[in-house]
2 protein chains.
Amino acid sequence: MPKQYKISPDSPIGIFDSGIGGLTVVKAVRAGLPSERIIYFGDTARVPYGPKSQVTIRRYAREDTEILMKHQPKMIIVACNTVSALALDVVEQTAGNIPVIGVLKAGAELAAQKTRSGKIGVIGTQATIGSNAYACAIREENDALEVVSKACPLFVPLAEEGFIDHAATRLVAEEYLSELVGKGIDTLVLGCTHYPILRRMIERITGPEITIIDSAEAVAGKARQLLGSQTMLNGGSAQPMPHLMVSDLPQKFSELYRLFMGTELPDVELVGV
Amino acid sequence: MPKQYKISPDSPIGIFDSGIGGLTVVKAVRAGLPSERIIYFGDTARVPYGPKSQVTIRRYAREDTEILMKHQPKMIIVACNTVSALALDVVEQTAGNIPVIGVLKAGAELAAQKTRSGKIGVIGTQATIGSNAYACAIREENDALEVVSKACPLFVPLAEEGFIDHAATRLVAEEYLSELVGKGIDTLVLGCTHYPILRRMIERITGPEITIIDSAEAVAGKARQLLGSQTMLNGGSAQPMPHLMVSDLPQKFSELYRLFMGTELPDVELVGV
């Protein structure tokens, strides 16, 4: 059982991800809720979760949540689509009475609101797509909706290598997306935190008729709404950089941080896993 | 201190890698030494090591070696280029009096023997190339040799996604390799266990004038030589499949196993890390 503690509007929002992809969620939360204190944990020692088994992903999800719980957050945001898909219940259990929201359900809700044609595309890692969790979450909103999914496992390494605008990325993206576009979707969910980095390339292939749903923006909107309804919004002044924790300091870390956040790397705390 | 035990020609050869890329080494050892028993550990729960920090890579290397030592091997082969580059001393310490050979030194020795022009190219992960370990090992063989290195981080995901013959892979490979070819190398070391899977594509770009050194084949040759000199070769009949241990059973595991070994997945033992 998790220890109980008292939360207040000044308590931080805890966000975690398998690596640093979740920084797109940090960026979206900061944009929408600049007065909130943010604690971020990125499990850079064990990234990526996507290709791993459900048993391992669930164990990692529990450990990641425990790391955040030490900082007594008022809310936990699961920025990792893989954990949102396969282990949200583990996070909820570990978080006790603290509200937990995940990118997946937030993205699914927004997609269900936005679609007109009723045909929604979802792209993500192998694990996220294989779990069928986006399709289930979307159809929980409205079971008349049709969902077409496609795993795009090369998008993460291409984004991390900075092949943002490269002809090879375009070829890969065309291969991944042409099938979805051909099936007449009018809404496409970016079901992986890295994908917003490739958003322009993706939009070039999907065209102006298809609405892109960024799950990071969706979960930030949901966090604002939920904290507001609980009168737990921080009314203070704008916060400095988030408290950043990682399980490993990879070699290209500051470069990647800049790619995601557009700013220089702040101080980082290294935590054992 | 590791426990001492008595080895015999019938003792197994222990091989480990950060994931399943080391299966290219298993394949090469089986081809050259079909009578040897092989114990393989692939750290699939924490793969990839390449982008991680040296501290973390060294800890993983010790733990991986300990897993193999429980099976009392007569030799340990480090199939992981990253560990060979950054943590071979940790493996040697953990293995006590058991001989340890790594893909890196084996590949470096063979490249130094084969080059005529004295200009050798090396490709590998960010960590392997960044460590400069291949260049050092090659120049330890002959300090008149010139080494040109290039990190090719997208080759692993492209190989694992089966983009073996894809136009996108060709564009990426051209971008990575054209600089090396332009510098007049006559020998190219595949300094990552995954790269033999892309060997044909790589050869198409490097052309017939450049000799490809496969570090997996090199280390298998070295193992045969060393065991022979110690009269530790197994004289028995051909062995069945290797004893396979992994720290996670990823979703596409049997598919990947087939990609590397060309055969169906045998029984697998799951070990905790």
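None of the values given here were measured: they were computed from a predicted structure.

### Some words on the sheet that holds strand β10 (residues 268–270) of chain B
Residues and elements named next belong to chain B. The sheet built from six strands is open, its strands ordered β4-β3-β1-β2-β9-β10 with parallel pairing. The open sheet is flanked by β4 (100–102) and β10, the only strands paired with a single partner. When strand polarity is set aside, the average angle formed by the axes of neighbouring strands in this sheet is 20°. Of the pairings in the sheet, the one linking strand β3 (residues 75–78) to β4 comprises three bridges and is parallel in character.

### Remarks on the pattern of salt bridges
Residues and elements named next belong to chain A. Scanning the entire structure with this criterion turns up 36 salt bridges over all chains. Across the salt bridge formed by Arg199 and Glu203, the nearest N and O atoms sit 3.2 Å from each other. Of this pair, Arg199 and Glu203 both sit in helix α10 (residues 199–206), four residues apart, which is roughly one turn of that helix. Note on Arg199: relative accessible area 23%, which makes it partly exposed. For the salt bridge of Glu264 with Arg258, the shortest nitrogen-to-oxygen distance reads 3.1 Å. A residue is classified by how much of its surface remains accessible, and Glu264, at 55% relative accessible area, is exposed. Accessibility expressed as a relative area gives 37% for Arg258, which makes it partly exposed. The structure contains a network of salt bridges with shared partners spanning Asp43, Arg46, Arg59, Glu63 and Asp64.

### A word on the relation of the copies chain B and chain A
Taken as rigid bodies, chain B and chain A are interconverted by a rotation of 180° and an axial shift of 0.0 Å, the fit giving an RMSD of 0.0 Å. Interpreted geometrically, this transformation is the action of a two-fold axis.

### So, the packing of helix α9 (residues 167–182) of chain A against α10 of chain A
In helix packing, the relevant descriptors are the interaxial angle and the interaxial distance, both defined with respect to the helix axes. Residue and element names in this part refer to chain A. The contact between α9 and α10 brings their axes to 9 Å, and the two run at 50°. As far as their axial angle goes, α10 and α9 are oblique. In this structure, α9 crosses over α10, and the sense of that crossing is right-handed. Between α9 and α10, the contacting residues are Thr169, Arg170, Ala173, Glu174, Leu177 and Val181 on the first element and Met201, Ile202, Arg204, Ile205 and Thr206 on the second. Residue classes in the contact of α9 with α10 are distributed as six nonpolar, two polar and three charged.

### Focus: the side chain of Ser84 of chain B
Residue and element names in this part refer to chain B. Here Ser84 lies in helix α3 (residues 81–86). The buried category is assigned to Ser84, whose relative accessible area is 9%. Within polar-contact distance, the side chain of Ser84 engages the backbone oxygen of Val78 at 3.5 Å. Ignoring anything within four residues of it in the chain, the contact list for Ser84 reads Val78, Gly102, Val103 and Leu104.

### Quick word on the environment of Ile67 of chain A
Residues and elements named next belong to chain A. For Ile67, the location among the structural elements is in helix α2 (residues 54–69). For Ile67, a relative accessible area of 7% translates into the label buried. With 26 residues separating them along the chain, Ile67 and Phe41 place their C-alpha atoms 7.7 Å apart. Beyond its immediate chain neighbours, meaning those up to four positions away, Ile67 contacts Phe41, Met245, Gly272 and Val273.

### Points about helix α2 (residues 54–69) of chain B
All names here are of chain B. Between the first and last C-alpha of α2 there are 22 Å, a value that for 16 residues agrees with the 22 Å anticipated at 1.5 Å per step. Those residues of α2 that fall on the buried side of the exposure criterion are Thr56, Ile57, Tyr60, Ala61, Glu63, Asp64, Thr65, Ile67, Leu68 and Met69. Packing partners of the buried residues in α2 comprise β1 (13–17), β2 (38–42), β3, α3, α4 (88–95) and β9 (243–246).

### Observations regarding the interface of chain B and chain A
Interface extent is often summarised as the accessible area lost during association of the parts. Each partner contributes residues to the interface: chain B has 34 residues there, and chain A has 34 residues. Of the roughly 2500 Å² buried at the junction of chain B and chain A (both faces included), carbon and sulfur atoms supply 57%. Per-residue buried area on chain B facing chain A is highest for Lys52, Leu154 and Gln251 of chain B; these three make up 20% of the total on that side. Put simply, chain B and chain A have zero salt bridges between them. Taken together, chain B and chain A are joined by twelve residue pairs in polar contact (both at pLDDT 80 or more). Of all elements in the fold, only α2, α6 (126–131), α8 (155–160) and α9 (167–182) of chain B reach the threshold of two or more residues within the side of chain B that touches chain A.

Conventions used here
- Residues numbered from 1 in each chain as written.
- Chains lettered and ligands numbered in written order.
- Predicted model: local features only at pLDDT ≥ 70, side-chain atom pairs only at ≥ 80, totals over all residues.
- Heavy atoms only, no water.
- Pairing = 2+ DSSP bridges.
- Helix = DSSP H or I, 4+ residues; strand = E, 2+ residues; numbered from the N terminus.
- Axes fitted to C-alpha atoms, helices over the stretch in contact; angles between N-to-C directions.
- Salt bridge = Lys/Arg side-chain N within 4 Å of Asp/Glu carboxyl O.
- Buried < 20%, exposed > 50% of the residue type's maximum accessible area, 1.4 Å probe, protein only.
- Least-squares fit on C-alpha atoms with pLDDT ≥ 70 in both.
- Parallel < 35°, antiparallel > 145°, perpendicular 65-115°, else oblique.
- Left-handed = near helix turned anticlockwise from the far one by under 90°.
- Contact = heavy atoms within 4.5 Å.
- Nonpolar A, V, L, I, M, F, W, Y, C, P; charged D, E, K, R; others polar.
- Polar contact = N/O pair within 3.5 Å; in protein donor to acceptor, adjacent residues only side chain to side chain.
- Expected span 1.5 Å × (residues − 1).
- Buried area = accessible area lost by both parts, 1.4 Å probe.

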